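Residue-level structure breakdown
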Amino acid sequence: MKEKDSGSMKRNRLIGNTITYIILILMSIIWLFPFFGLIMQSFRSYDSAVEYGGMVDYIIPKHFSLDNYRFLFSGETNYLLWYKNTLIIAIFVSILQTIIILCVSYALSRMRFRGRTLLMRFWLILGMFPGFLTLICLYFLLKQFGLTQAGAVPGLILVSVASSGMGYYVCKGYFDTLPIALDEAARIDGATRARIFLELTMPLSKPIIIYTALVAFMAPWCDFVMASYIAFGHDKSYNVAVGLQRWVWTNDYQGYFTRFCAGGILVAIPVTLLFMFLQRYYVEGVTGGAVKG
Amino acid sequence: MKTENKNAAAGGFSALGKSISQIGTTFAEGDWKTRLSYLIFGFGPLARGQIVKGLGYLATEIAFILYMVFFGADYLSKITTLGTVETAKKGRVTVYGDNSFLILLFGLLTIILIGVIILIWYLNIQENRNEELLLKAGKKLPSNRKALGSLLDTNFDKTLLALPTLGIFVFTVLPILFMICVAFTNYDKNHQSPSNLFTWVGLENFSKLFSFGKAGFGSTFLTVLLWTLVWAFFATFLNYFLGMGVAILINKKGIRFKQLWRTILVLTIAVPQFVSLLYIYKMFANDGLVNGYLLKWGWITSPIPFWTDPMLARITIIVVNVWIGIPYMMLIATGLLMNIPEELYESARIDGASPFQMFWSITLPYMLFVTGPFLLTQFTGNLNNFNVIYLLTKGQPQSMRLTDHAGQTDLLVTWLYKMTVTDTNYKMAAVIGIMVFLVTAVVSLIVYNMLPSVKDEGGFQ
Amino acid sequence: MRKLATIIMAGALAVTVMGITANADEIKVWVADNVVDFTNGQIEAFKEANPDFADYDYVVEPVGEGDAAGNMITDVEAGADIFGFAQDQIARLVSAGALIDVEPENAEKVKAENDPGSVAAATVGETLYAYPLTSDNGYFLYYDKSVVTDPSSLEAIIADCEAAGKNFYMEINSGWYQTAFFFATGADLTYDTDNDGNFTACNANYASDQGLVALREMVELKASPAFQNGSAAGEATNVAAIVDGTWDAGAVQDLFGDNYACAKLPTFEGSDGKTYQMSGFGGFKLLGVKPQEDEAKLAACDALAAWLSGEEAQIARFEAVEWGPSNLAAQASDAVQANEALAALGEQLQYTIPQGQYPGDYWSLATSLGDSIISGELSKDSSDDDLLAALDKFQETCLSYAQ
């Protein structure tokens, strides 16, 4: 009796697992398909002598070619410059934003000062205004400092970093979980707040630092609204998102779709690799952030 | 929440009253150094050897006076009209007149700075009072070294927050205040600086938003608002439950290659959206890959209008958003599911509960409880989810039933963006922006009070 | 902490240094990406011919005609000193103060040397505001000879496309292409402008029997499975015929290879049984100069704009990128006369009206009308009353744009 029972349970589990595998495999196909298509397109030549380079309704190119990649590196466009700009922006934003978020989070988590809750509530309310509302104002503000068009790269860094203090939630949540007894012990030993922050809290915060830096690093690769608004009319200040989306959206660049795909792949590779390496920290960060809200 | 605010407001008023009376007592009871400090900031501290503090106050005052004389006063004086001198032409050369934009921006800044300087003036008085009281009590004033050193210790919060707060003020607070003001002006394509002036118009733009006549925005606004809410609802909860479902599938005992499945899904987070979403848009276009193959295989005779039929476009967007959103939720759920004590499931299993019953009575309540605030931020985030909509449809298709560039998949934010960038209709963009704020704030308030973790703090701990 | 401060200081310093690059002696030129090199070459020649103006720093940026107007209006100061744009933007640019009237001496020359349509397109109210650059901003039919047997009738084209399982492209949700139907049946839509770019009057009769026939034809066309909305050859798939302009001639040649052919737009048989020749806009690309505060720089800009739009430059541009000239002498040159696409356009132009000034909102409104057709809100099955109601609303909104 018992044996039969466990036998049927086993069978049930087997069926259950098979169904699960089928679902997971189907999902993987759906999830990977756009990337597969993107990669295939990037290997279709735009040179009509090789293969018709406009839009087509098939996936696998008839002739694999590296023409698109060659084009990107040929210097015919400023693609490499856009890439460099984005990398510079991403690195600076990543470093500076992390510093600012750490400072703010530490102050809000560990110190009790007048107006603390008021400040947090005020920032919460500010966050409810849609970001693009202030585009025009930010543009003219930056222009006052000469940070538009030719100066758009530092301008973008400044804008991205300046208001980053408001994104303290996840990091503060992490600091809140660090035992406060450690701080108190150090203070009894005569350490200043600054020393505690730098020498005690920081070394314990590796996961959250990596998470914050990773998220900050990834954002600029996708920013085209702010970037195009600040850099308009100055090709050399574009980032990859602005430069590439013009190939798809403006009529001046017809037949650039395969080149867009190749450019997109080159953007995706480093970001994806970095993400995969640091995935563990990302998961920790988002999970922690989700629980703390 | 509400009562708290009221208390805060009441507390604020009584504190203000106290501060004002203190300004009086300090003047009445203070010595000449203190009294002179009412005019010359930091004079008292300087005279008492508090060089650092004194110089700080004095420098602030001088900087403020210089700012006002050379810059602020001029802008401030024009803020009521936003400029009167029109752009003119001398021969063929253009002579620009007043720049309404800069007048409004810097006028606003000046008003805020005046507020700040009053606050500093008050702090300066308080400092004098404190010093006098300390001296009277026979105590010594802290040395300059110590005052500076405190910035790394007891006053470390000021050091940490100074730069971030300044950044937020200049690049968030000031622009938002500016745009709120713009909602009460006629700043649009016909009134654009520096060539043309704009000026205050009162509530005209708001009445346009709520007028339902032919030229009014009313019905369009409501359509867009409704879709924004519907979208945010589906985008949040569909992803939430499907993501959780996928996490449970992957976590299931006996399923192998867990890391592989996760990595495949997580690709959508890693690859920048402007690449993946633009590709997906082309894929589902009437003449795109999907329709191309379906036609080739003879499954359909005419292309499926994924993006051009309004209803279908909305559904497609939500489905594509699932593609983006599941992995994110899956990651979060994976971590949280492991935290649920295994014993709960064990005892349920002994009671003969089916997997679905276990999900319904253990997993779901737990997840909803821990992720309540997260769901709220997701919802408000989705209200403003620009990228997904704009990279896919740009808000299209438009319709004769909607006015002013609005499309049937436009969210309030994408509509706002179009008004700003395509139409340079800043005044209406500002009005819409304020509406977005109100919607977000109202939704947050309602949902926040409904959250189980707020209602029932003890819950699962 | 000190390190942090140093980094911030260094950053701030770098920022200020990089910021000071706006140059008063710089003349910025915005043109489409594919003519950047050509324009640079022309500017070199211009500098040689005009040593007085050679000291300026000329910078050519790739900003297409589509973006130029929007960017100019966002911030005139940061915009280009000389920029190319499509004529539909001119009124908007004038009212935003982004265009200065053409220098009187040049204006005389422009009016004498260019075709009258292009001069009218560059004129707002009574004032000439821009230099005509091309007269090729019109559309006609490109088709695949192996599929389309009779390019003279829309019904025949559609039938061939359907039979071959191929697509017919026309961008019916664009205010520009839509007029091919409306103007064909005799419906009318024009605006009057004053000297400041304000629209003073609107003459429209879309809400009429003629308008109804045109709209009916559009919903009929949309009902065909072969129909696709679009006008960009490079973005189109499985194409047998496309309504497009000369700027895409190269892309279409790639597309059709040996079967490349072009013709004027076809005729269609309206719901009233009559046959109509498709019409549309003949449009122009223009070159504008931004208002200047400095007299010497203005003179340089005037001279350069005149140079870039002159006869030699137009011929050279045609040879480089096949843009059809607006200059009468250039139009008469043998090379231009021999161009197949321009010949088809020329044939089509006799059925079109030169495009006048239209308010920016018109284009968005027309997209709404087109989208309503494409989404099926207005369809083959809609009653005449439904269609007329849409036209009524369209016309009324058009009228409301004129003050």
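The structure presented is a predicted model; accordingly, all values stated were derived computationally and were not measured.

Procedures and definitions
- Residues numbered from 1 in each chain as written.
- Chains lettered and ligands numbered in written order.
- Predicted model: local features only at pLDDT ≥ 70, side-chain atom pairs only at ≥ 80, totals over all residues.
- Heavy atoms only, no water.
- Contact = heavy atoms within 4.5 Å.
- Buried area = accessible area lost by both parts, 1.4 Å probe.
- Salt bridge = Lys/Arg side-chain N within 4 Å of Asp/Glu carboxyl O.
- Polar contact = N/O pair within 3.5 Å; in protein donor to acceptor, adjacent residues only side chain to side chain.
- Helix = DSSP H or I, 4+ residues; strand = E, 2+ residues; numbered from the N terminus.
- Nonpolar A, V, L, I, M, F, W, Y, C, P; charged D, E, K, R; others polar.
- Buried < 20%, exposed > 50% of the residue type's maximum accessible area, 1.4 Å probe, protein only.
- Axes fitted to C-alpha atoms, helices over the stretch in contact; angles between N-to-C directions.
- Parallel < 35°, antiparallel > 145°, perpendicular 65-115°, else oblique.
- Left-handed = near helix turned anticlockwise from the far one by under 90°.
- Domains from an automatic or database assignment.
- Pairing = 2+ DSSP bridges.
- Patch = residues over 30% accessible without salt bridge, like charges linked within 9 Å, V, L, I, M, F, W, Y side chains within 5 Å.
- Areas by Shrake-Rupley, 256 points an atom, 1.4 Å probe, with all protein chains shown as cover.
- pLDDT = per-residue confidence, 0-100.

Attention now goes to the interface of chain A and chain B. Accessible area lost when the parts come together is the quantity often used to give the size of an interface. Taken together, the contact pairs 91 residues of chain A with 94 residues of chain B. Roughly 8,400 Å² is buried in total at the junction of chain A and chain B, and carbon and sulfur atoms are behind 80% of that figure. Among the residues chain A hides against chain B, the three largest losses belong to Trp31, Met128 and Leu133 of chain A. Together they make up 9% of the total. Where chain A packs against chain B, one counts one salt bridge.

In this complex, chain C contributes 43 residues to the contact, which on the side of chain B involves 37 residues. Of the roughly 3,200 Å² buried between chain C and chain B, counting both surfaces, carbon and sulfur atoms make up 46%. The tally of links between chain C and chain B comes to six salt bridges. Between Glu235 of chain C and Lys282 of chain B there is a salt bridge; the shortest N-O distance is 2.5 Å. At the boundary of chain C with chain B, the tally comes to 23 residue pairs in polar contact (both at pLDDT 80 or more). Sorting the residues of the side of chain C that touches chain B by element identifies α3 (65-74), α4 (90-95), β8 (167-169), α11 (295-308), α16 (360-374) and α17 (384-400) of chain C as the ones contributing at least two each. Top contributing element to the side of chain C that touches chain B by residue count: α16 of chain C, with nine residues. When its residues are assigned to classes, the side of chain C that touches chain B shows 18 nonpolar, 12 polar and 13 charged.

This next bit is on helix α17 (residues 412-421) of chain B. By the criterion of burial, α17 of chain B is predominantly enclosed, with nine of the 10 residues buried. Looking at the buried side of α17 of chain B, the elements it contacts are α5 (135-144) and α11 (225-231) of chain A together with α9 (218-251), α15 (355-383), α16 (386-392) and α18 (426-450) of chain B.

Let's shift gears to the packing of helix α3 (residues 79-110) of chain A against helix α6 (residues 152-162) of chain A. All names here are of chain A. Axis separation between α3 and α6 bottoms out at 9 Å; the angle between their running directions is 30 degrees. It follows from the interaxial angle that α3 and α6 lie roughly parallel. Seen along the crossing, α3 lies across α6 with a hand that is right-handed. For the pair formed by α3 and α6, the contact residues are Asn85, Ile88, Ile89, Phe92, Val93, Leu96, Gln97 and Ile100 on the first element and Val153, Leu156, Ile157, Ser160 and Val161 on the second. Looking at the contact of α3 with α6 residue by residue, the class counts come to 10 nonpolar, three polar and no charged.

Residue and element names in this part refer to chain C. As for its placement among the helices and strands, Gly270 is situated in the loop between β14 (267-269) and β15 (275-277). Residue Gly270 is classed as buried on the basis of its relative accessible area, which comes to 8%. Discounting chain neighbours no more than four positions away, the residues touching Gly270 are Val213, Glu217 and Tyr276.

The next subject is the domain arrangement of chain C. All names here are of chain C. Domain annotation for chain C reports domain 1 (21-137 + 283-349) and domain 2 (140-279 + 359-400). Each of domain 1 and domain 2 was reduced to a C-alpha centroid, and the two centroids are 29 Å apart. Facing the 19 residues of domain 1 at the interface are 21 residues of domain 2. Between domain 1 and domain 2 lies a buried interface of about 1,600 Å² when both sides are counted; carbon and sulfur atoms form 57% of it. On the surface where domain 1 and domain 2 come into contact, there are eight residue pairs in polar contact (both at pLDDT 80 or more). When residues of the side of domain 1 that touches domain 2 are traced back to their parent elements, those giving at least two are α4, β6 (131-138) and α15 (340-349). With seven residues, α15 is the single largest residue contributor to the side of domain 1 that touches domain 2.

Okay, the pairing of strand β9 (residues 189-193) of chain C next. Residue and element names in this part refer to chain C. Side-chain alternation along β9 places Leu189, Tyr191 and Thr193 on a buried face and Thr190 and Asp192 on a face that remains uncovered. Where β9 lies against strand β10 (residues 199-204), five bridges are found, and the strand directions are antiparallel. By the bridge assignment, Thr193 is partnered in β10 with Phe199. Remark: five residues form the turn of the hairpin made by β9 and β10, two consecutive strands paired antiparallel; Gly197 in that turn has positive phi of roughly 85 degrees.

To continue, consider a nonpolar patch on the surface. Residue and element names in this part refer to chain B. On the surface, Leu226, Val230, Phe233, Phe234, Leu238 and Leu242 cluster together to form a nonpolar patch covering roughly 500 Å² of accessible area. Topologically, Val230 is positioned in helix α9. Val230 gets classed as partly exposed once you look at its relative accessible area, which sits at 33%.

Right, let's talk about the confidence of the model for chain B for a bit. Residues and elements named next belong to chain B. Averaged over all residues, the pLDDT of chain B is 87; the fraction at 70 or higher stands at 95%. Helix α19 (residues 452-455) is the least confidently modelled element of chain B, averaging 60 in pLDDT, while helix α7 (residues 156-182) averages 93, the highest of any element. Between residues 457-461, whose pLDDT stays under 50, and residues either more than four places distant or in other chains, the model counts five contacts.

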